[in-house]
Amino acid sequence: MEEKKERKKIVPVLLFILMLILVIVGGTYAVFFYGKSGETRNVISTRAISCTFNEGPLISIKSAFPISDEVGKKLSAGAIDGYDQGYYDATLNCECKGTKEDNCRGAYEIYALNTSTGTQIDERYIKVYITDGEGTERALSGVTTFRSLADSSANSNGKLIYRQSFTNSFSQRIRLRFWLSKDYPVSEESLTFKAKLGVKVSE
């Protein structure tokens, strides 16, 4: 009988301790998601060119702490706790239609949309670094913040990731790294940031 009473006393205490741990741990981290889960293949076609835009797997930064730009620029999968994916790859492949290359001229723009809902991380604390993702990576832009990215001309709500003109068939790969700025003020709030990529090809 006394053993049953002791068990009844222990269960509420354990539940309280568990809840306390969850509140402390959940309240001091930021959660950050970018992109879509799984592989996504989008087909884009104009009069003179046919394109596919292949998006890689979801970037997710869970229970992540702020890091320096030097560390962020070298992020790789599983290299640092909370930065499981490390970077996000996307490739735009475009092939000119017909035999007249002169008719295949235009420009393309890859942009990002902030799709966060609820209480989100301020865009000024989301650091962004873009490279070509090939072997010895070549930087396509310097480190900046999501807020400081130029506005997209393809989408009024988007931020420009990469823009280039073309005169023939091409393949463009980009690699994006995102991390929390070292200036990010860690607090007891549980905040999130979500975004997705889009692309526009025009003649």
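For the structure, see preceding data.
Here is a short report on the structure shown in this document. (Residues numbered from 1 in each chain as written. Predicted model: local features only at pLDDT ≥ 70, side-chain atom pairs only at ≥ 80, totals over all residues. Heavy atoms only, no water.)

1. Side note on the pattern of salt bridges
Here is the rule we go by: A pairing counts as a salt bridge when a side-chain nitrogen of Lys or Arg comes within 4 Å of a carboxyl oxygen of Asp or Glu. Here a strand is any run of E in DSSP of at least two residues, a helix any run of H or I of at least four, and the numbering for each starts at the N terminus. Exposure classes here rest on a 1.4 Å probe applied to the protein chains alone. A residue is buried below 20% of its type maximum, exposed above 50%, and partly exposed in between.
Enumeration over the complete set of coordinates arrives at ten salt bridges. Arg-147 is paired through a salt bridge with Asp-122; the nearest N and O atoms lie 3.0 Å apart. Linking Arg-147 in the loop between β8 (139–145) and β9 (158–166) with Asp-122 in the loop between β6 (106–114) and β7 (126–131), this pair joins segments that are 25 residues apart in sequence. Using a relative accessible area of 27% as the deciding quantity, one classes Asp-122 as partly exposed. The partner of Arg-138 in a salt bridge is Asp-132, and the shortest N-O contact between them spans 3.7 Å. For Arg-138, a relative accessible area of 48% puts it in the partly exposed group. Note on Asp-132: relative accessible area 11%, which makes it buried. Salt bridges sharing partners connect three or more residues here, namely Asp-89, Glu-137, Arg-173, Arg-175 and Arg-177.

2. Here we look at the packing of aromatic side chains
Both the distance between ring centres and the angle between the ring planes are used here to describe each pair of aromatic rings. Under the convention used in this document: Side-chain rings of Phe, Tyr and Trp (the six-membered ring for Trp) are treated as a pair once their centres are within 6.5 Å; stacked means planes under 30 degrees apart, edge-to-face means over 60, and tilted covers the remaining angles.
Summed over the entire model, instances satisfying the criterion amount to five aromatic pairs. Considering the side-chain rings of Tyr-108 and Tyr-162, the 6.3 Å spacing of their centres and the 45° angle between planes classify their relative orientation as tilted. Within this pair, whereas Tyr-108 is found in strand β6, its partner Tyr-162 is found in strand β9, the two being separated by 54 residues in sequence. Here Tyr-108 matches Tyr-162 in class, with each residue buried.

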